[in-house]
Amino acid sequence: MKQNNKNTITFIVCSIFVLIIGVFLAISLGVTHIGISEIWNSIFNYSETLESMLIRDMRIPRALSVLLTGGILGVTGAMIQGVTRNPIAEPSLLGVSQGATLVIAIFYAVGITINTTNVMIASLIGATFSGIIVMGFTSRKSNNRSIAKILLAGTAMSTFFISLTTIIGLLSNKSQFIAFWVSGGFRNATWADFNLVAIVGILGLIIAIFLSEKINILSLGDDVAISLGQNPERIRLITFLVMIPMCAAAVAVGKNIAFVGLIVPQIVRKIFGEDYRKNIPFSFLLGAILLTYSDIAARMVYSPYETPIGIFTALIGVPFFIVVARRERG
Amino acid sequence: MKRKRFKIIIPILFILLVASIIMYLCWGTYKVSPFDSIKTLLGQGTKLQNAAILNLRLPRMLVGISVGIALSTAGALLQTITKNELADSGIIGINAGAAVAAVIFVSLKTVNYYSTLGPLSVYVLPFMAIIGAGISATIIYLLSSRNGVKPKRLLLIGLGLNAGLNAFITFFTFRGGIGDYNRVLIWTSGSLWGAGWNYAKVIIPLVTLMFMIVLLNYKKLDALNLSDEHAISLGLNLNKERKKFLSYAVILAGGATAFAGNVGFIGLISPHIARKLVGPYHKNFLWVSAIISIVIVLFADAVSRNLFSPIEIPVGITISIFGVPYFIYLMMKEK
């Protein structure tokens, strides 16, 4: 037990350290490299140089939005994996994010101004709609919940939503803008975006931690949960209700980023076992780290152009996916 | 009973096939009456009719037909090999592998957006795509074989690979800038946009040849449908046959993807409907599945071309909008 606690503390300290370095690098690196003193000055001594404006209005909100979005993705992945008892589940592989994108595309096509609030509203409508469908096919009788099947249904759903998004884009003659918005990643992250992910992310994290004990019970299986006096359908419903706004915020700010929610809870489970009281907060931490470094890579690899951040998460995510899939029997 | 049913189904399918072909040739911005379209095919059309039908719609239709046959046959083969009715070359990443190879090849061979492939490249393109499809099929096969290839594992690994490859295609094609968006769409969702005689003359012989080879093997395919023990006792070398048919599926799917991009779900739906209509025996089933896929592709492409004309929707998107609900219905039903 003592040993375990020690491991936990080491993990927390190390990851916070890595995260701080990551955020610092994210602020400092870029087309213009910025030194430590410059960063310090622009934060604590209000100055009007170009660099300090760049830091205050571009780099810092972006770095922090990335961090929080990564955390959100990690937590939503852990939650959905827990309640569906499916190690490969993840909101964007199941079509929730694509549903959110569809409604955002509709907003674009109709001509509604694209700002953080409107995008979040659209994203929330879409995520709710697709989240309900996903809940439909994950919470039916357990014979319908094989991992392969849920994933197939998710792939089909994302294809469906992407197809509708494409049609809307083509018909409204805005497909290129929509596609660029989707592949844009955090390019235009502002303080408003930061506020959104900060509020949703931190609230969501706190509620998720409160829920974690119930998710623990549910992850043992519906039968065990019932015999312990819990209502599995209700826990699942509440978890989805918490998860949907978190997914929506992640899409609104970071667009479609797959695989983070898959990789992070996997690693955390490897280290700490199947205890969601730890898994959920640590998934937040690790998700934040993963996305922070992915975003640095996205900005630096093809500099001065940006590479879509999803490439990097997919690059790490696909091998992970395959390793987990290989454990599948039957 | 089955035989009687077969006799009714075949004429109905045939009528549907002819109807969809005539509809495809007639319906468009420039309308041609069915009678005139037949006359044009016989070489007695006006100059305008010749231009519309012989130069534009006919080659595109032939490419569409070949793509339909290729993908439905590839899907049928994969379903027989994996003994899973939900297998399809689009879902498990074989098409995406072909698309990656094609995208790389095309962007190396063409300089800007509107330039077309040279005459030699048109012949090389399907080979590249088939190699790409082959690589991705090999990866899926190797990774999913641990204590033997398990169908579910194969499906899962294919799904993961598909997601990754699509991310790559999007990235690779977006590098070029905003104007390349239509190209991304073609490769990721499948389209017959721009399919002309230069495509038709390559894909028709390829698909015809492969389809014949697969048809000639119908007895072996039937044996693969049995349990492994039965198949072995019939003298079948299971691993060899599986690899053989997998490579046929790869060639068919790769060839189709080279010219029409990643069209999904058609390889899933048509074999499934065919199996329901005429049962699982490959001799009839492959034909029926091919005809059904032709009808679906032609209808879907006619709709994609004309419904919102002059804007064209990629045919793969139309198919998936109708295919996905059917697919989910299938999954819900399957125990």
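Residues numbered from 1 in each chain as written. Chains lettered and ligands numbered in written order. Predicted model: local features only at pLDDT ≥ 70, side-chain atom pairs only at ≥ 80, totals over all residues.

**Q** Provide a residue-level description of the overall build of chain B, including the pertinent values.
**A** Counting secondary structure elements, chain B contains 14 helices and 0 strands. Secondary structure elements of chain B, listed N to C terminal, follow the sequence α-α-α-α-α-α-α-α-α-α-α-α-α-α. Taken over the C-alpha trace, chain B has a radius of gyration of 20 Å; the compact-globule value for 335 residues is 20 Å, and the two agree within 12%. Taken over the C-alpha atoms alone, chain B extends approximately 60 × 55 × 35 Å along its principal axes. (Helix = DSSP H or I, 4+ residues; strand = E, 2+ residues; numbered from the N terminus. Rg over C-alpha atoms; globule rule 2.2 N^0.38 Å.)

**Q** Any chance you could break down the overall build of chain A for me, citing the residues and the numbers?
**A** Counting its regular elements, chain A contains 13 helices and 0 strands. Counting from the amino terminus, helix and strand elements in chain A follow one another as α-α-α-α-α-α-α-α-α-α-α-α-α. With respect to the principal axes defined by its C-alpha atoms, chain A has extents near 65 × 60 × 35 Å. By residue count, 55% of the 330 residues in chain A fall in the buried class. Residue pairs at least 24 apart in sequence account for 79% of intrachain contacts in chain A once pairs closer than 6 positions are excluded. (Buried ≥ 20, exposed ≤ 12 C-beta atoms within 10 Å, placed from the backbone. Contact = placed C-beta atoms within 7 Å.)

**Q** Let's hear about the interface of chain B and chain A: which residues, and what values?
**A** In this assembly, 35 residues from chain B lie in contact with 37 residues from chain A. Put simply, the parts of the chain that give the side of chain B that touches chain A at least two residues each are α6 (151–174), α7 (181–189) and α14 (315–333) of chain B. At 14 residues, α6(B) tops the list of elements feeding residues into the side of chain B that touches chain A. Of the residues contributing to the side of chain B that touches chain A, the split by class is 24 nonpolar, 6 polar and 5 charged. (Nonpolar A, V, L, I, M, F, W, Y, C, P; charged D, E, K, R; others polar.)

**Q** Report on helix α10 (residues 232–254) of chain A, specifying residues and quantitative values.
**A** Under the 1.5 Å per step criterion, the end-to-end length of α10(A) is 32 Å for 23 residues, consistent within 8% with the ideal 33 Å. Phi for K255(A), located one or two positions after α10(A), is positive at around 65 degrees. (Expected span 1.5 Å × (residues − 1).)

**Q** I'd love a proper account of helix α9 (residues 218–225) of chain B, names of residues and values included.
**A** Since there are 3.6 residues in each turn of an α-helix, residues three or four apart along the chain are aligned in direction. Residue and element names in this part refer to chain B. Of the positions making up α9, those classed as buried are L221, A223 and L224. Taken end-on, α9 shows its buried residues confined to a sector of 155 degrees, consistent with a single buried face. Against the buried residues of α9 lie α3 (47–82), α10 (228–233), α11 (238–260) and α13 (282–306). (Arc of directions from axis to C-beta.)

**Q** Give me the lowdown on the environment of A258(B), citing residues and values where you can.
**A** Along the polypeptide, A258(B) turns up in helix α11. Setting aside its immediate chain neighbours within four residues, A258(B) contacts A98(B), A102(B), L125(B), P126(B) and A129(B).

No statement about biological role is implied by the geometric values presented.
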